[in-house]
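Listed here are the chains, written in short residue letters.
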Amino acid sequence: MIRELKAFGNFVVRSSRTAVLEPLHQLPKLEHLVYEVTDRCNSKCVHCNIWQNKGTGDMSDAEIERIFSSGAFRHLNDVIITGGEPVLRSGIVANMAAIHGNVTPDAQFSLSTNGLLPERVLEATRKCLERGMRLIVGVSLDGLNERHDAARGVKGNFGKVDGLLKSLIRMREESGNDKLTVTVGYTLSPKTAGNLNEVADYVCNLGLRFLPQMFEEFEYYSNSAPGNFSYFADGTEDARESAQVMLKALETIPPSFQKELFLTLLDRGQFPFKCASLRSFFLLRSNGDVTPCLRYSETRIGNLRETPLEEIWHSKKMEEARVMVDNCRGCSNTWATGWSMRYWMPPFFRLLAAATIKKRLGGRRAA
């Protein structure tokens with residue numbers, strides 16, 4: 001497996017039998033972006049402390065329009081709009097439209113929401129579809145009824161999510177599956193593991209895509225120090241017990257690539273792969289900071305309010321950050337692994353093969 005080890009000058013050195021120099025200007029095109037439009041949140045999740053933050057100050061509408069008019073974004077195929085809770089931001093549709101006007105015409109946008117403001121989500125969805133945008137709406141669900149409310153810290157949250165999902169399904173039927181996709185995201189943690197099966201069944205019955213995510217302690221969520229892997233099997237005794245709880249929960253759902261990834265991480269405590277962070281994607285913070293990903297969200301490489309992306313992209317600080325990414329032990333994040341798999345497939349072959357074989361051998365339902 002080829003892995004980058006060191007950067008110097010204007011080149012990146014790859015380790016292999018024969019060293020290869022990769023000019024930075026020949027890095028893959030920026031094809032994907034995660035944009036945290038606001039770090040304000042109206043939820044009080046047990047596994048995340050973003051809601052306790054006072055906020056760093058969102059970029060203005062004018063700044064967003066100016067920044068995304070840069071040619072550096074013109075090849076974007078996927079844009080995830082997240083937060084905090086993105087619909088707390090006024091003018092969210094105008095912001096998404098400004099981005100849409102400067103990227104690949106068929107780019108797919110994803111809007112992530114906790115569902116606490118269903119009318120705002122539905123209005124944003126409707127207006128995006130009217131503008132001809134391809135849209136995925138991802139709604140968080142960590143349990144049914146009071147179990148979801150307890151996980152999210154807001155009474156009545158499940159009722160709002162349930163109503164929102166059913167309204168989105170009707171909207172999808174009107175607009176067509178090629179324009180609107182609805183997914184349900186679930187956070188697997190020791191506190192929610194007992195809810196996994198019921199959430200999977202609920203999503204299956206609605207005919208929606210189920211997208212489980214494993215709880216991790218990242219600076220982004222304000223729930224950990226940098227690089228903490230406390231819920232993986234190579235940690236403390238408590239960590240190993242937590243891993244066993246999650247492993248047992250995973251046994252109740254059918255085969256999928258994401259399930260195989262979770263099993264590997266919980267068993268080994270790591271899953272190194274050639275990450276495409278800072279090559280084909282990055283995380284843009286609400287204040288304009290360019291950062292690698294959720295784990296390294298506090299690694300400020302530059303700020304788009306101050307410096308054009310082209311200049312940041314080829315800076316010495318960016319070279320150093322790419323080396324840091326190469327030394328990462330891996331993660332379970334859905335978009336990070338999915339986009340990285342497109343960039344460097346070999347490490348993922350075993351997971352894909354295992355999921356495919358297990359599906360063919362039979363399963364309760366397709367995950």
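Computed from a predicted structure; not experimentally measured. Counting restarts for each chain, with residues numbered from 1 along the sequence as it is written. Totals for whole chains, interfaces and linings use all residues, but because this is a predicted model, local features are given only for residues with pLDDT of at least 70 and pairs of side-chain atoms are given and counted only at 80 or more. Side-chain measures here rest on the full set of heavy atoms in the structure, leaving out hydrogens and waters.

Draft legend 1. Structural view of helix 2 (residues 92-100). The cut-offs for exposure are 20% and 50% of the maximum accessible area for each residue type, with area from a 1.4 Å probe on protein chains only; residues under the lower value are buried, those over the upper are exposed, and the others partly exposed. Strands are runs of DSSP state E lasting at least 2 residues, helices are runs of H or I lasting at least 4, and numbering of each runs from the N terminus. Taking burial as the measure, the 9 residues of helix 2 include 8 buried ones, the bulk of the element. Burial in helix 2 covers these residues: I92, V93, N95, M96, A97, A98, I99 and H100.

Draft legend 2. Structural view of the confidence of the model for the protein. For every residue, the predictor reports its confidence as pLDDT, a number between 0 and 100. This prediction gives the protein a mean pLDDT of 86; 88% of its residues lie at or above 70. We call two residues in contact whenever any of their non-hydrogen atoms come within 4.5 Å of each other. Confidence drops under pLDDT 50 across residues 1-24; counting only partners more than four residues distant or on other chains, this segment forms 62 contacts. Confidence drops under a pLDDT of 50 for residues 225-231, and excluding neighbours within four residues, the segment shows 20 contacts in the predicted structure.

Draft legend 3. Representation of the pattern of salt bridges in the model. Each salt bridge in this description consists of a side-chain nitrogen of Lys or Arg and a carboxyl oxygen of Asp or Glu lying within 4 Å of one another. Under the criterion given, the structure shown has 15 salt bridges. One salt bridge in this structure joins K127 and E123, with 3.0 Å as the shortest N-O distance. Placement of both K127 and E123 in helix 3 (residues 118-130) is noted, with a separation of 4 residues, approximately one turn of the helix. Judged by relative accessible area, E123 falls into the partly exposed class, the value being 34%. Between E146 and R147 there is a salt bridge, and its shortest N-O distance comes to 3.5 Å. Connected through shared salt-bridge partners, E36, R285 and E298 make up one network.

Draft legend 4. How the structure looks around empty space enclosed by the protein. We place a 1 Å grid over just the protein atoms. Points where a 1.4 Å probe fits but has no way out form a cavity, open points with protein on both sides within 12 Å along at least 5 of 7 lines form a pocket, and any residue with an atom within 4 Å of a point lines it. Grid points are joined across faces, edges and corners, and a volume is the space filled by probe spheres set on the points. For the structure shown, the criterion picks out 2 cavities of 30 Å³ or more. As a volume, the largest cavity reaches approximately 130 Å³. For the largest cavity, the lining is made up of 13 residues, of which C275, C293, R295, C328 and C331 are closest to its centre. Three residue categories are used. Nonpolar comprises Ala, Val, Leu, Ile, Met, Phe, Trp, Tyr, Cys and Pro, charged comprises Asp, Glu, Lys and Arg, and polar comprises the others, including Gly. Per-class residue counts for the lining of the largest cavity are 10 nonpolar, 2 polar and 1 charged.

Draft legend 5. Looking closely at the pairing of strand 4 (residues 32-36). Most of strand 4 is tucked away: 5 of the 5 residues are buried. Covered by surrounding structure in strand 4 are H32, V34 and E36 together with L33 and Y35, the residues of both alternating faces. Where strand 4 lies against strand 5 (residues 78-82), 5 bridges are found, and the strand directions are parallel. Each residue of the ladder has a partner; that of V34, found in strand 5, is I80. At least two DSSP bridges between two strands are needed for those strands to be called paired.

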